[in-house]
Each structure stands twice: as C-alpha cells, then as structure tokens.
Number of protein chains: 4
Amino acid sequence: MSDYTWSTSIAEVQDDDVIVRGYRLSDLVGEVTFIDAIFLVHTGDFPSPSKRAMLDAIFVSLIEHGISPSTIITRTLASCGTPSQAAIAGGLLSIADWHGGSGEQLSRVLADLVSAAQQSADFDEERLLARTREVVADYQADRRRFAGFGHPQHTEGDPRAVALLNLADKLGISGNHVRAARTLEAVIEESRGRRLPLNVTGALAALLQDLGFSWRAIRGLVIAARSAGLVAHVVEELDQGGRWRHAREDDVVYTGPRGRTL
Amino acid sequence: MSDYTWSTSIAEVQDDDVIVRGYRLSDLVGEVTFIDAIFLVHTGDFPSPSKRAMLDAIFVSLIEHGISPSTIITRTLASCGTPSQAAIAGGLLSIADWHGGSGEQLSRVLADLVSAAQQSADFDEERLLARTREVVADYQADRRRFAGFGHPQHTEGDPRAVALLNLADKLGISGNHVRAARTLEAVIEESRGRRLPLNVTGALAALLQDLGFSWRAIRGLVIAARSAGLVAHVVEELDQGGRWRHAREDDVVYTGPRGRTL
Amino acid sequence: MSDYTWSTSIAEVQDDDVIVRGYRLSDLVGEVTFIDAIFLVHTGDFPSPSKRAMLDAIFVSLIEHGISPSTIITRTLASCGTPSQAAIAGGLLSIADWHGGSGEQLSRVLADLVSAAQQSADFDEERLLARTREVVADYQADRRRFAGFGHPQHTEGDPRAVALLNLADKLGISGNHVRAARTLEAVIEESRGRRLPLNVTGALAALLQDLGFSWRAIRGLVIAARSAGLVAHVVEELDQGGRWRHAREDDVVYTGPRGRTL
Amino acid sequence: MSDYTWSTSIAEVQDDDVIVRGYRLSDLVGEVTFIDAIFLVHTGDFPSPSKRAMLDAIFVSLIEHGISPSTIITRTLASCGTPSQAAIAGGLLSIADWHGGSGEQLSRVLADLVSAAQQSADFDEERLLARTREVVADYQADRRRFAGFGHPQHTEGDPRAVALLNLADKLGISGNHVRAARTLEAVIEESRGRRLPLNVTGALAALLQDLGFSWRAIRGLVIAARSAGLVAHVVEELDQGGRWRHAREDDVVYTGPRGRTL
C-alpha cells in the first residue's frame, strides 16, 4: 500500500457516527470516562478499574507544573496575539528530549529489555539481568547517560516517582516494565557505586508500558495531559491583558561588537 | 506589574511539590480523576458528579475523528521523522477558525448574551431575546454567518450535538449559556425562515461555559481532548513504517506555464 | 475540483527537475538571486533592479530584532532539546496579530482602498479619500484601532518606516498602496487631531503590495525574513549549552490559595 | 550565568536602532542584500562575491518543491482557517530527520572529519582518510546508513547536487568539508562495492560549512529558504477558497473491528 493511502485501525468516520476501535462513538458518550476512551483508542480495549485509576493518577500528576518552559512559551505566544491552537502547540514543542519527553529513550530501552527477557514463554529474570548489564556497559562505553534516573533536587528520590510507583504496587499494576526499570536502577547503582533513583519520567516510561501503551506513545501522553493545563494558562494570560512578553532589560547582555561601519 | 514577571493563580512549584489551586499535587494523585483535575486547574474547584460526567462525555466525543485534517497533518509529519511533540503540535494547529475551533466566536457571543441578560439579579429572558435579535441583525447587516449552527450533512441536527445536549438536560447541567444558544437558534430560524440547528461545535460552546469554563478556553479544551487521539495516530504511523507521505500523483495538477527560459 | 486534489500554478515536480512558474529550477540556480526567486514564486515574474533592491532592503530590515518574543521562544525550545525545525517553527508562531504580523489587517484595508480608487481606468484620488474617510469612521464607530500606525517609543515616526519609505521614493517604487497608506495617515490625523505616523509594519503593508505581493503574503514574508535570523539564535543557544530556560525565581508570583486539603 | 539571562553576540536592540554584529541595521538597509545579511548574522562578516553567489544559488535551489509534505501540511492548515504563521510553522515542522533535514547528521560527521584532519596546522589528507574509514566501519557495525548519499530516482547522481557542486568548484568555494564529503563518498563506494553519490542534502551539508556556517545551522537554513515558498502556497490556497482539505474517500481504509457494543 503506497503512502497516499491511509490505513488505520483506530477509527472510521461514517455518515452518522464515528467508529472507534469497533464501538460507535455515540454509544460511548455518557457511558465511559475520558481515561477509558484513551485506553480504547490506544490499546483497543477498556481498562480494568485499577488500570483506569493508574492512568488517572498519571495524568493528574502531569497536568500542571507552574511557570516552566512550556507555560513560558504558551503565554508568550498568547501575549503576541497568536490564537490558542498556536499558543498551545508552541508550548507543547518543548516536551522534548531534555524536558518532559526524555522518557522516550528509556521507554525504548525498557521495551527492548522486556522483549529480551520474554524470548521464552516465561519472563526470564536472568536473561533480563544479563541484557541489562550489556546495555549499561554499552552506554558507559559511549559515555551516554540514561534519561529517567536521578534528579538535581531530589537526591533521595523524586517524590512524584515514588508516589506513582507506590500506587502502582498497591493497584497491582506493576509488571515487567517496572521490573526492568528496577533492574536497570540496580545495575546502574552497581556500576556507578551510588544510587540514582528512577525519576518521574522514568517511572512513567515503565508504568505506561505496563498499562499497555506503546513505548512510542509515552511522550505523546505526557503532551496530552499537559495540554489541558496549558489551556488554563492561555486564558489567564489573555485575561491579564499584557502584550509582547519580553525579557527583563538587565537580563539581556549583548556580547558582540559595536560601532562597525560599512 | 510589567511583562517579564509571571503572575499566576494556577500553580506554584515548590521544592518538594507543586501547589495546584491550593492543593498539593501529590495529595491529588490517586485521589481524583483527570477530569476533576481539569476542572480544578480551570475553575479552581472540583466538579459535582454530574459536571464530571458531562465533561467526560464531551472529551470522549472529541477524542477521535478518523482521518481528518488534524490526523493527516500529524501522520504526515511523523512520516518525515519529526519527533512526536512536533507531529502532535502540527496537527493541533488545524483546530482553527474553520475546523474544530469555530466555536470560539460563538462562545464569545454566548458570553455576551448571558452577561446582557444578567445585568439585574435575575436572568432576564426578555433582555436576552432583545439582545439576541440585535446581534442577529448586526450579523446579517455585515453578511456574517454564525459558527456553531447547521451542518452540511446533518440537516435535521448534528447527532453529537443532540446527544450532548440531551445528556446535559438529563444531568441538569444546561444553564444560561444553553438557554442563550437555544434563543439564538430560534432567532436565526425566525430571521432566515428555516431551521439551522446547533451543531456539535455550538453545543460545546454553550455546555462548556455552563460547566464553568471561560469562553477563551473552549477551543483549547477541544485541543486537549483531541491530542490524546493524535498520539495513537503517531504510534500507528510509525509502526507502519512509511516515509514522506505525499499526494497521489494524479491528484496534483500544475496549472502554470512551462518552457520559459531566462 | 474537490479538495483532495492539488491545483497549483507555483511549481511542478518532474523526474529530473522542478518547474517554477515555467522555468526549470536548475536553470535558475547560479543565475538569479534568492530575492529574484521570491518574486518569481509569488508574482510569476522577475523584478526590476529597483524592485529587487527594495525587497532586499525590506528583508534586511526584518532579519534580526535581538531578544524579542520570537527569539525567546525559539531559544527556550532549543534549550529543551527540541530539534531546530520545531524551535524555529515555535518562534515564528509569535509573528501574530499583536506582534510583527499586525500588518495583515492593514494590508487588507489598503488593498480595499486601492481597489475602490481604481474602479475606473484611472486611479481616482477623490474616491480614495472618500472611501478612506468611510473606513476611518467605521473603525471609530466600532472603537477599533488601525494596526500599522504609531509606536510607543518613536512618537515622531518609526525610523525603520522612514528609511524604507524614503528608499522606496528614491527607487521609484512607491505606488498606489503607499498613496493609500499616506491618505489613511492623513485622515487618521484629521479625525484624531494628532499625527499617528506609519510604523514599520504599516510601511511594509504598503510597500510589499506596491512590489506586487498579495495582501495575504505580507505576514508570511515577515516570517520568511525573520526565520533566517532565528536559525542563528538556535545555533548560539545550543553552543552555549544551557538547559531548560525558565523564569527568574523572583519574577514568578503565585497569587492563588495555599493549604487546601481534599 | 544562569539561564534566565540572555547573552547574545548576534544583535542588540537600542532605542532608535538595532545593532547587528556591530553594524547599525539602518545603515545596512538599502546597502546590502538579504543574503549578505544572512552571512553577517551567522558568521559575523559579509561574504565575498563568490560566497554570496553560492548562497544565493543554494537558497534558490531550495525555495520550491511543488506539492510535497511541507506544502501539503501548510495548505491543509490554511484550509482550516489557521493564520499564516501557524500554517507556515506547521509545514516547516516536516523539515526533519527523514525529509529535507536529513543533512544534520551528515553535517556533524563532516565537521568531525574536518576537525580530525586539521589537528595539525595543515589539513592532513591521510588522517582524513583514516578517520573516514573508522566512521564508515562504525556505521556499518551499527547497521546505520549515511544520510546525504544516494537517491531513489537519480541513481547516477542527484542533478541539484551536481549543479551546486559544479558551481562551487567554478566559484572556488569548495573547501575542506567538500573534500571530506568526497572522501566519505569514495570510502562508502569502496566498502559497499557500488557508488552512492552525494545527493542535494549531502551537498548542502558540505557547502554550507565551507561557506562558514555551523553544522547546527544547516537544517535551519533549509527551513529559511523553504519558508519563502510556503508563503506563496498559503496565498494560493486561500485564494482558491477551499475548506478542510481531507483525504480522498477511497484512499482511506479502516482495518479495525466493527459492531462492538458496551
């Protein structure tokens, strides 16, 4: 099938309804929650009550982070008169490799580790450990560091990661990806000689996969959760009525030459 | 306060937590749903069970619409190797004046109508009707049309609008903005001589305001709901492995000159 | 022709070349300047030397404006690890109604004024004046203000506007759109009792149309010129190596409640 | 210097002018071309006539490519009523790893190769060859392929690459980065047993660095050149007046289930 055709198993628009993973959208409205619908769209099925509670918790944890890069960008854009879709889209572009979206790399590593451990019918802990040691050694050889571990402020552990992982244990959600993340945490400690605990980004990379989401969806789900918060910042910025957010004058330093002539 | 400062009542980042509208975010995780958190961030309070059900229904109705402009853009971007934040942001830019976001204009009109009818303590139906007639006359004089009414396919009424408005009546959510929208619908019919029923965009503009959201938030909330669906399209597109989505060759027609030389 | 087909007179991709407005792109490479190519793509023809010089001057005037909203956004995005296409796109979203792009509204007004004055074969100055007075009266009735006039700092006139308009006069470029802009400036002064001179945005709206560009292209051309400068800011930001640009802590004020419990 | 301050050597905004790399912007307007200004902003100096001609040629070669991913996105966005800054920004997001922007990876490889060859005072051809062989061997070990070489249609050589490299030779622009690119081309041929010639993306990665631009700027410069073409597509799309570009109905295939009930 060549690439001007669109093959999708997610949804089908019909004259009088939209089919989503086999259900009529109009049957779902009023019957299931938004979190249920996210599961349906992504995994093809509705969640158990525990899984629903876990994804609700994850999305709640991501909805707001005050004045941070994404809100700075969204509000600066709104203050320039760009419409809300552009202000929000601009802010979401910041959920990237070094900020918020850093779990994508780890998500893929965890997917690979779980896949290695599951080559036979059972989950093979020894194979997991062996493959994890290989991966850590490769990273060290290339002087790369793992995203998803450690936090500049929370050296004893990122409280959001701790809360989410505890909840996952309580709800019985923690599965092979959490196991792989814990193994990776242990091997990193072993190899560095000091503990570098999972941070919230790392916890999400494991938990969302144990909930059934693809590693490719992790960053996007962070974006979906955060977007609801950014909308409130657009409203507040426009209600405040300011124009053209710029930098504090004495925070700008020009280090180039002056006084050149043609 | 000048515009390099950031004044916000939404959230505050503290060393060990985020305060959202007065609550510690870590207290909310595991205790409230994502939809509750959206209410909190936007309105400062948690919803009643009816309001929660209504917003869940609205977000469910928006999560997916198959292969439409936003998904075409998001998947084309993903097929070019741009990361997920950019693919999703690009798709969201299409939720604009003529597509998905057209309720923004109506939202503001409804806010004005309700405000006109509420100048005294009570909601004044006659004042509402009088002001609505003025607005419709102004629009007709300028040959502008109202977004939020009518649908090319569903001449008897957009089924999503009908479903959402029925649910709102059942849940006791319908309030002054729905009343204003119904009045506007009636005055438009009166002035045009034929019925032009509220479509889903118009229903959202009324319902979301009756739920307590600002008219400025309407388009953004559509974006927040849709973003969760776009993530699934990024995953599916990348899993399919295609590159550089383009147009079908015989759908491209060059109408300019040929054979010019310098 | 329905809307999944693409009809264009701009360019045609052939197996071994691209036809641009009738010319083979490979014939143009090395023979014409980039500014010539912009004229060709937009107007279908190459410019006279005077027109080329004028567009070069306009693009030079727009290439850089130091640390302003667009650069703040682009550099903040780059500091979060988003790739350059997303950092640049994010910054360009700020060229909007209240910043940089405000000439779009004026561009359309000028197009309408010129069209009114040209209803007969000749350019009718009296008709221009009459129509301008109507437009100014309409704006005043609606309490709207004209973008493109006045500047908070440069009350005697925006030096960039003065320079560009003087150059246009010298090069013999000033035409009907500049005439319309001058008339509008005069009528605004007449109606307000004080002078509100054309600023750079207003000058561009007139000059670019006198060069043959559509009013719909004005904001986009500002974007095209500015994008070359934003690239340099991405490079500088990444070379500096900072991460996660945020706000100065004491510039952030939380004005909401604290201490609420579930 | 912490990261809420802005240190830049590119430009400084003063009350009555903008200083760009030491020059007053108002002195440049009318005196230098846009291509000159791009050199100034990026390299701190004006180009020789040969360098100016080369960058003009490069930008001309990039301005248009008909109905391709970037124009499909930009026009689809414009057809949804999003403003031009958002339509253009959305299209630019497609200049990414697999489309248009693929030279970024090669640009960095070439920068490393040149740096390896220049460790002593002279450019050391043998060191270049040795380092190139190492890099190619590393890529083969990781089964990665080099962007910038080969083209599905033009097996004898991408005509745009040939034209630009010939022009560079004629103008005396080709330098160490072109040399490194040629060496890489030869080593790839040696290792694969067949020729995989530089394509236009690869030629740009070499030529722009030989012109003095940073490897980090390559993708951004492609974006800057292309943006001028996208503006014309916004204008044409809006002039055509279509709404909501979507897919041809029979190009959409739903492969998921139907008929599920709650």
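Residues numbered from 1 in each chain as written. Chains lettered and ligands numbered in written order. Predicted model: local features only at pLDDT ≥ 70, side-chain atom pairs only at ≥ 80, totals over all residues. Heavy atoms only, no water.

### Some points on the overall build of chain A
Then, in step 1: The helix and strand inventory of chain A stands at 11 helices and five strands.
Then, in step 2: Counting all 262 residues of chain A, 61% fall into the buried class.
Then, in step 3: When contacts within chain A are restricted to residue pairs at least 6 apart in sequence, long-range pairs at least 24 apart make up 68% of them.
Then, in step 4: Both charge centroids of chain A, one from 27 positive and one from 34 negative side chains, sit 7 Å from each other. (Helix = DSSP H or I, 4+ residues; strand = E, 2+ residues; numbered from the N terminus. Buried < 20%, exposed > 50% of the residue type's maximum accessible area, 1.4 Å probe, protein only. Contact = heavy atoms within 4.5 Å. Lys, Arg positive; Asp, Glu negative; His and termini not counted. Charge placed at Lys NZ, Arg CZ, Asp CG, Glu CD.)

### What to know about the packing of helix α6 (residues 103-117) of chain B against helix α7 (residues 125-141) of chain B
Residues and elements named next belong to chain B.
Then, in step 1: In contact at an axis separation of 8 Å, α6 and α7 are set at 145 degrees when each is read in the N-to-C sense. Note on packing geometry: the crossing formed by α6 with α7 is right-handed. On α7, the residues touching Gln105, Val109, Leu113, Ala116 and Ala117 of α6 are Arg127, Leu128, Arg131, Thr132, Val135 and Tyr139.
Then, in step 2: Here the contact of α6 with α7 is built from residues that sort into seven nonpolar, two polar and two charged. (Axes fitted to C-alpha atoms, helices over the stretch in contact; angles between N-to-C directions. Left-handed = near helix turned anticlockwise from the far one by under 90°. Nonpolar A, V, L, I, M, F, W, Y, C, P; charged D, E, K, R; others polar.)

### Some thoughts on a positive patch on the surface
Then, in step 1: A cluster of like positive charges, contributed by A:Arg145, A:Arg192, A:Arg194 and C:Arg243, occupies part of the molecular surface.
Then, in step 2: Within the element layout of this structure, A:Arg192 appears in helix α9 (residues 176-192).
Then, in step 3: Using a relative accessible area of 42% as the deciding quantity, one classes A:Arg192 as partly exposed. (Patch = residues over 30% accessible without salt bridge, like charges linked within 9 Å, V, L, I, M, F, W, Y side chains within 5 Å. Areas by Shrake-Rupley, 256 points an atom, 1.4 Å probe, with all protein chains shown as cover. Salt bridge = Lys/Arg side-chain N within 4 Å of Asp/Glu carboxyl O.)

### Here we look at the relation of the copies chain A and chain B
Then, in step 1: Once chain A has been moved 0.0 Å along the axis and rotated by 180 degrees, it coincides with chain B to within an RMSD of 0.0 Å. Within this description, the copies of the chain are treated as partners about a two-fold rotation axis. Residues of chain A ranked by C-alpha distance from the rotation axis are headed by A:Ala89, positioned 2.2 Å from it.
Then, in step 2: The overlap is high: 100% of the interface residues of chain A also sit at the interface in chain B, so the same surface is used on both sides. (Least-squares fit on C-alpha atoms with pLDDT ≥ 70 in both.)

### What about the interface of chain A and chain B?
One frequent convention defines the size of an interface as the accessible area lost when the parts assemble.
Then, in step 1: The interface of chain A with chain B comprises 81 residues on the first partner and 81 residues on the second.
Then, in step 2: Where chain A abuts chain B, roughly 6,800 Å² becomes buried across the two surfaces, and 69% of that area is made up of carbon and sulfur atoms.
Then, in step 3: Ranking the residues of chain A by area buried against chain B places A:Trp6, A:Phe34 and A:Arg216 at the top, with a combined share of 12%.
Then, in step 4: For the pair chain A and chain B, the number of links is two salt bridges.
Then, in step 5: A salt bridge links A:Arg216 to B:Asp239; its shortest N-O distance comes to 2.9 Å.
Then, in step 6: On inspection of chain A and its partner chain B, the count reaches 17 residue pairs in polar contact (both at pLDDT 80 or more).
Then, in step 7: Of the residues in the side of chain A that touches chain B, the class split is 45 nonpolar, 22 polar and 14 charged. (Buried area = accessible area lost by both parts, 1.4 Å probe. Polar contact = N/O pair within 3.5 Å; in protein donor to acceptor, adjacent residues only side chain to side chain.)

### Focus on the sheet that holds strand β4 (residues 23-24) of chain C
Residue and element names in this part refer to chain C.
Then, in step 1: With respect to topology, three strands assemble into an open sheet ordered β2-β3-β4, the strand pairing being antiparallel. Strands at the two margins of the open sheet, each flanked by one partner only, are β2 (11-13) and β4.
Then, in step 2: Relative to β4, strand β3 (residues 18-20) runs antiparallel, the two being bridged by two bridges. Within β4, the position partnered with isoleucine 19 by the bridge is arginine 24. (Pairing = 2+ DSSP bridges.)

### Some points on the pattern of salt bridges
Residues and elements named next belong to chain A.
Then, in step 1: Following the criterion strictly, the structure yields 80 salt bridges over all chains and no others.
Then, in step 2: Residue arginine 219 pairs with aspartate 97 through a salt bridge whose shortest N-O separation is 2.8 Å. Remark: aspartate 97 occurs in the loop between α5 (84-92) and α6 (103-117) and arginine 219 occurs in helix α11 (residues 218-240); sequence separation between them is 122 residues.
Then, in step 3: The class for arginine 219 is buried, based on a relative accessible area of 3%.
Then, in step 4: In the salt-bridge network here, residues are joined through shared partners; they are Arg75, Glu236, Glu237 and Arg245.

### With respect to the interface of chain C and chain B
Then, in step 1: At the junction of the two partners, chain C supplies 40 residues and chain B supplies 40 residues.
Then, in step 2: Across the chain C/chain B interface, buried area totals approximately 2,900 Å², and carbon plus sulfur atoms make up 54% of it.
Then, in step 3: On the chain C side of the contact with chain B, C:Tyr254, C:Arg260 and C:Leu262 bury the most area, a combined 24% of that side's loss.
Then, in step 4: Where chain C meets chain B, there are four salt bridges.
Then, in step 5: Measuring nitrogen to oxygen at the nearest pair gives 2.8 Å for the salt bridge that ties C:Glu12 to B:Arg258.
Then, in step 6: Residue assignment for the side of chain C that touches chain B shows that the elements contributing at least two residues are β1 (6-8), β2, α1 (25-28), α5 (84-92) and β5 (252-254) of chain C.
Then, in step 7: Of the residues that constitute the side of chain C that touches chain B, the class distribution is 19 nonpolar, 13 polar and eight charged.
Then, in step 8: Taken together, the three bridges between strand β1 (residues 6-8) of chain B and β5(C) define a ladder with parallel strand orientation.

### Observations regarding the packing of aromatic side chains
The way to describe two aromatic rings as a pair is by their centre distance and the angle between their planes.
Then, in step 1: By the definition in use, this model includes 20 aromatic pairs over all chains.
Then, in step 2: Measuring from ring centre to ring centre gives 3.9 Å for A:Tyr139 and A:Phe146, while their planes differ by 10 degrees; the resulting arrangement is stacked.
Then, in step 3: Classification of A:Tyr139 as buried rests on a relative accessible area of 8%.
Then, in step 4: An aromatic cluster is present here, built from A:Phe34, A:Phe59, B:Phe34 and B:Phe59 joined pairwise through their rings.
Then, in step 5: Here B:Arg179 stacks its cationic end above the ring of B:Phe123, 4.3 Å away from the centre of that ring.
Then, in step 6: Note that D:Arg243 overlies the ring of B:Trp98, its terminal NZ or CZ placed 3.6 Å from the centroid. (Phe/Tyr/Trp six-rings, centres within 6.5 Å; stacked < 30°, edge-to-face > 60°. Lys NZ or Arg CZ within 6 Å of the ring centre and 35° of its normal.)

### Thoughts on the packing of α9(A) against helix α10 (residues 200-210) of chain A
All names here are of chain A.
Then, in step 1: Put simply, α9 and α10 touch, their axes get as near as 7 Å, and they point 155 degrees apart. If you check the angle between α9 and α10, you find them roughly antiparallel. Across the interface between the two elements, Asn176, His177, Val178 and Ala181 from α9 touch Ala206, Leu207, Gln209 and Asp210 from α10.
Then, in step 2: For the contact of α9 with α10, a count of residues per class yields four nonpolar, three polar and one charged. (Parallel < 35°, antiparallel > 145°, perpendicular 65-115°, else oblique.)

### Notes on the relation of the copies chain C and chain B
Then, in step 1: Each copy of the sequence occupies a distinct position, and chain C is placed on chain B by a rotation of 180 degrees and an axial shift of 0.0 Å, giving an RMSD of 0.0 Å.
Then, in step 2: A shared binding surface is used by both copies, with 100% of the interface residues of chain C retained as interface residues in chain B.

### Points about a negative patch on the surface
Then, in step 1: Taken together, the side chains of A:Asp138, A:Asp142, D:Asp138 and D:Asp142 make up a negatively charged region of the molecular surface.
Then, in step 2: Relative to the helices and strands, D:Asp138 resides in helix α7 (residues 125-141).
Then, in step 3: Residue classification places D:Asp138 among the partly exposed residues on the basis of a relative accessible area of 47%.

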